[in-house]
Amino acid sequence: MTPITVITGVIFLIIGLPIGYILRKNVGEKTIGSAEQQAQNLILDAQTQAENLKKEKVLEAKEEIHHLRSDLENEIRLRRNEINKTEKRILQKEENLERKLDNIDKREQGLTKRERSMDEKHKEIDSYIAKQVEELERISGYTRDEAKQVLLDEVEKDVRKDASALITQIESEAKEEADKRAKEIITMAIQRYAADQVTETTVSVVNLPNDDMKGRIIGREGRNIRAIETLTGVDLIIDDTPEAVILSGFDPVRREIARIALEKLIVDGRIHPARIEEMVQKATKEVNTIIKEEGEKACFETGVHNLHPELIKLLGRLKYRTSYGQNVLQHSIEVATLAGLMASELGYDVRLAKRGGLLHDIGKSIDHEVEGTHVEIGVNICKKYKESWKVINAVESHHGDTEAITLEAVLVGAADALSAARPGARRETLESYIKRLESLENIANTTKGVDKSYAIQAGREIRVAVKPSIVKDDEIPMLARDIAKKIEAELEYPGQIKVNVIRETRATEIAK
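Residues numbered from 1 in each chain as written. Predicted model: local features only at pLDDT ≥ 70, side-chain atom pairs only at ≥ 80, totals over all residues. Heavy atoms only, no water.

1. Observations concerning the overall build of the protein
And step 1. Check the secondary structure of the protein and you find 14 helices and eight strands.
And step 2. Across the 512 residues in the protein, those meeting the buried criterion constitute 29%.
And step 3. Long-range pairs, those at least 24 residues apart, make up 62% of the contacts in the protein with a sequence separation of at least 6.
And step 4. Working note: accessible area of the protein is about 35,700 Å², and carbon and sulfur atoms make up 54% of it. (Helix = DSSP H or I, 4+ residues; strand = E, 2+ residues; numbered from the N terminus. Buried < 20%, exposed > 50% of the residue type's maximum accessible area, 1.4 Å probe, protein only. Contact = heavy atoms within 4.5 Å. Areas by Shrake-Rupley, 256 points an atom, 1.4 Å probe, with all protein chains shown as cover.)

2. Observations concerning the nonpolar core
And step 1. If you look at the biggest cluster of nonpolar residues, it comprises 27 residues, and the most contacted ones within it are Ile217, Ile228, Leu236, Leu247, Leu262, Ile276 and Val287.
And step 2. At eight residues, helix H5 (residues 252–268) tops the list of elements feeding residues into this core.
And step 3. When neighbours within four sequence positions are excluded, Ile217 is seen to be in contact with Leu208, Asn224, Ile225, Ile228, Leu236, Ile238, Val245, Leu262 and Ile271.
And step 4. Grouped together as the second largest cluster of nonpolar side chains are 26 residues, Leu315, Leu358, Ile381 and Ile392 included. (Core = buried A, V, L, I, M, F, W, Y, C linked by side-chain atoms within 4.5 Å.)

3. Description of the pattern of salt bridges
And step 1. Summed over the entire model, instances satisfying the criterion amount to twelve salt bridges.
And step 2. The salt bridge involving Arg355 is made with Glu387; its shortest N-O contact spans 2.8 Å. Residue Arg355 is located in helix H9 (residues 350–359), and its partner Glu387 is located in the loop between helix H10 (374–384) and helix H11 (389–397); the two are separated by 32 residues in the primary sequence.
And step 3. Measuring nitrogen to oxygen at the nearest pair gives 3.0 Å for the salt bridge that ties Arg503 to Asp473. Of this pair, Arg503 sits in the segment after strand E8 (498–502) while Asp473 sits in the loop between strand E7 (461–466) and helix H14 (476–490), and the two are 30 residues apart along the sequence.
And step 4. Three or more residues joined by partner-sharing salt bridges are found here, namely Glu256, Arg259 and Glu263. (Salt bridge = Lys/Arg side-chain N within 4 Å of Asp/Glu carboxyl O.)

4. Regarding the packing of H5 against helix H6 (residues 273–302)
And step 1. For the pair H5 and H6, the least separation of the axes is 8 Å and the interaxial angle reads 130°. Taken together, the axis directions place H5 and H6 in an arrangement best described as oblique. Between H5 and H6 lies a crossing of right-handed hand. Between H5 and H6, the contacting residues are Val253, Glu256, Ile257, Ile260, Ala261, Lys264, Leu265 and Asp268 on the first element and Arg275, Ile276, Met279, Val280, Ala283, Thr284, Glu286, Val287 and Ile291 on the second. (Axes fitted to C-alpha atoms, helices over the stretch in contact; angles between N-to-C directions. Parallel < 35°, antiparallel > 145°, perpendicular 65-115°, else oblique. Left-handed = near helix turned anticlockwise from the far one by under 90°.)

5. Side note on the packing of H9 against H11
And step 1. In the contact formed by H9 and H11, the axes pass within 9 Å of each other and the chain directions differ by 45°. Compared by their axis directions, H9 and H11 come out oblique. In this structure, the crossing between H9 and H11 has a hand that is right-handed. Contacts between H9 and H11 involve Leu352, Arg355, Gly356 and Leu359 on the former and, on the latter, Lys390, Val391, Ala394 and Val395.
And step 2. Its residues assigned to classes, the contact of H9 with H11 shows five nonpolar, one polar and two charged. (Nonpolar A, V, L, I, M, F, W, Y, C, P; charged D, E, K, R; others polar.)

6. A look at the pairing of E8
And step 1. The alternating pattern of E8 places Val499 and Val501 on a buried face and Lys498, Asn500 and Ile502 on a face that is not buried.
And step 2. Of the pairings in the sheet, the one linking E7 to E8 comprises five bridges and is parallel in character. Within E8, the residue paired with Glu461 across the bridge is Lys498. (Pairing = 2+ DSSP bridges.)

7. So, a nonpolar patch on the surface
And step 1. Taken together, the side chains of Ile7, Ile11, Ile15 and Ile19 present a nonpolar region at the surface, about 370 Å² in accessible area.
And step 2. Structurally, Ile7 is set in helix H1 (residues 3–140).
And step 3. Ile7 gets classed as exposed once you look at its relative accessible area, which sits at 51%. (Patch = residues over 30% accessible without salt bridge, like charges linked within 9 Å, V, L, I, M, F, W, Y side chains within 5 Å.)

8. A short note on the pairing of strand E3 (residues 244–248)
And step 1. Relative to E3, strand E2 (residues 235–237) runs antiparallel, the two being bridged by three bridges. Following the sheet pairing, Leu236 is matched in E3 by Leu247.
And step 2. Between the end of E2 and the start of E3, which pair antiparallel, lie six residues, with Glu243 showing a positive phi angle near 50°.

9. Structural notes on H9
And step 1. The buried fraction of H9 is high, at seven of ten residues.
And step 2. Where H9 begins, the side chain of Asp349 points an oxygen toward the backbone nitrogen of Arg351, at a separation of 3.2 Å. (Polar contact = N/O pair within 3.5 Å; in protein donor to acceptor, adjacent residues only side chain to side chain.)

10. Structural notes on unusual backbone geometry
And step 1. Backbone geometry places Asn306, a non-glycine residue, at a positive phi of 60°.
And step 2. Mapped onto the elements, Asn306 comes out in the loop between H6 and helix H7 (309–317).
And step 3. Backbone geometry at Lys386 places phi at a positive 60°, although glycine is not the residue there.
And step 4. Along the chain, Lys386 falls in the loop between H10 and H11.

11. Some details on the sheet that holds strand E6 (residues 450–456)
And step 1. Pairing is mixed across the open sheet formed by three strands, whose spatial order is E6-E7-E8. One side of each edge strand has no neighbouring strand; the edge strands of this open sheet are E6 and E8. Across the sheet, the mean angle separating the axes of adjacent strands is 20° when strand polarity is ignored.
And step 2. On the sheet, H14 packs against E6, E7 and E8 and is oriented at approximately 145° with respect to E8.

12. Describing the environment of Leu341
And step 1. For Leu341, the location among the structural elements is in helix H8 (residues 328–346).
And step 2. For the pair Leu341 and Ala353, spaced twelve residues apart in the sequence, the C-alpha separation amounts to 8.9 Å.

Honestly, that's just the spatial picture; any functional story needs more than this.
Shown next as structure tokens:
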């Protein structure tokens, strides 16, 4: 490219710029002028349309106002007509009320007169009644209070008669249903559980191979027998009984230790104080092992688990404890089983019933070591080893010392009575047996109206014959209830005692 070409281009560029600017300005001014004209035209059109729309809306509004005004006038007219009608009705009601008020005033005046007349008549009647009462008191010889007491006495007799009849009916119906259900449950429980008859005693007998062994047991100057008695705490009775030694002691565990130790000494043949001490230690370990095993066996047999180890040992000690000749451990297992069976039939907590039944006599395991009744001791033991309050209540209430709170506690008490009262369960001395029967008959004989009484069925029933001239038929249920209450308050007995009251009138004549 030559310099001349470049210069020429620059010159054209300088000249072209002003010319382009001038042309662009002219075109823009023309375009702006045209746009302003169009805008003014649009504004004018809009104003015209707005005026027309305004006029139309004003007309529509005026027409609407006119319609509303006419509707309002019509409604006002209707309302005025209704108000006029209502005013007329109110005026009529006011007139009616005024007439009624006049009538009421007249009636009140008449009632006031009648009330005065009635008051006067009442006074006359009261005066007449007072005179009649005085006359009746004079004729009958009773004052009002005395006559009232006589009437109350007659009413009381009638009520007692009706109450006695009602009691008889209710008791008959309730007994029929309750006896039926109770017999089913108890019979089923007994059939499903059977225990041995009582065989345990408070003494133990050790058989000897020959009578010469008695002298060896006694030892020189009695040192061997003294050693045995000192180490075991049991008395050895060596008498004329052939080939036998009797061990006597109130602690059944010690008596069992002495028996085992003596049998081991007899088998060993070496009987001297040192050997005796060794055998007593072995026997003690053996008995402790048996106690633990028996406690675990009882828990397994009854299905009672999670007992404290010390409670299991105390249960095992019951194997060597008897009550009226009944083994207490077997009794506890029997009570747990019976209570569980009855709870199952009735839909109650079987585990709780079994646990309470198994532990109900736990206090007897140490009652010869601790002061208090076996119930109090058992409660303290259960509290010590964190048994639940329900189990404690079953232990505390099984002899009726406290109220049974849970139904399972009631079942434990019933199972305890059932286990103790069943045939062959317990035995008692002839003297205490006769004394109990005599006390039972004396309670009945000291009751007013009783002629004779007889204790039958080993003291489980008392038959009472009453004097027919004193006791009426309708008074028999109340008399039977009174005798039963006296027996409950004055006697201690296992199970239940049936009171059977008999009234019989006999007439005798001789044909000649």
